[in-house]
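Residue-level listing of the chains:
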Amino acid sequence: MNIQFIYEFILKRATIKLKVLRSDIMDAFPGQISTSKATAVLRAAVSAYPEYLVYSERAVRLRPGSETAPLNEFALIRNLLCSDTYAKIGVTNSEIDVTAVE
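So, here's what we can say about the structure. What you see is a predicted model; the values in this text were computed from it and never measured.

### Here we look at the overall build of the protein chain
The number of helices and strands found in the protein chain is five helices and three strands. Reading the secondary structure of the protein chain in the N-to-C direction produces α-β-α-α-β-β-α-α. In the protein chain, the share of contacts with a sequence separation of at least 24, taken over all contacts with a separation of at least 6, comes to 51%. A total accessible area of about 6400 Å² is found for the protein chain, and carbon and sulfur atoms account for 52% of it.

In structure tokens:
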């Protein structure tokens, strides 16, 4: 398991959903991360990306004022088109609102 990959998942999810819980990590990496390990990984991700993430109220949240997090709309769309893996894109298909314009 690549720890940097997990940190990037946390950063992407925080950027899109504004917070990341232990259960989010455990769902994205089933059977690989225990509850205590998930807490440690959340705190470590904040240390890895202190300019973008903050640990608050048992969750990692996007730091106020850091709207320029390194996940832009183009990258998100590319990831959604090229991958259906929750761990890679940080969100599940049911969490994404899509509006089709014809």
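### Description of the environment of Leu-62
Residue position: Leu-62 is located in strand 3 (residues 59–62). In sequence terms Leu-62 and Leu-11 are 51 residues apart; their C-alpha atoms lie 8.0 Å from each other.

### Notes on helix 3 (residues 35–48)
Residue pairs spaced three or four apart in an α-helix point in one direction, given the helix's 3.6 residues per turn. Its 14 residues give helix 3 an end-to-end C-alpha distance of 20 Å, which sits within 8% of 20 Å, the value for a rise of 1.5 Å per residue. Considered for burial, the residues of helix 3 that qualify are Ala-38, Thr-39, Val-41, Leu-42, Ala-45 and Val-46. Angular distribution of buried residues about the axis of helix 3 spans 165 degrees; they occupy a single face of the element. What points out from helix 3, more than 90 degrees from its buried face, is the exposed set Ser-36 and Ser-47. Buried-residue contacts for helix 3 involve helix 1 (3–17), strand 1 (19–20), helix 2 (22–28), strand 2 (53–56) and strand 3.

Analysis parameters
- Residues numbered from 1 in each chain as written.
- Predicted model: local features only at pLDDT ≥ 70, side-chain atom pairs only at ≥ 80, totals over all residues.
- Heavy atoms only, no water.
- Helix = DSSP H or I, 4+ residues; strand = E, 2+ residues; numbered from the N terminus.
- Contact = heavy atoms within 4.5 Å.
- Areas by Shrake-Rupley, 256 points an atom, 1.4 Å probe, with all protein chains shown as cover.
- Expected span 1.5 Å × (residues − 1).
- Buried < 20%, exposed > 50% of the residue type's maximum accessible area, 1.4 Å probe, protein only.
- Arc of directions from axis to C-beta.

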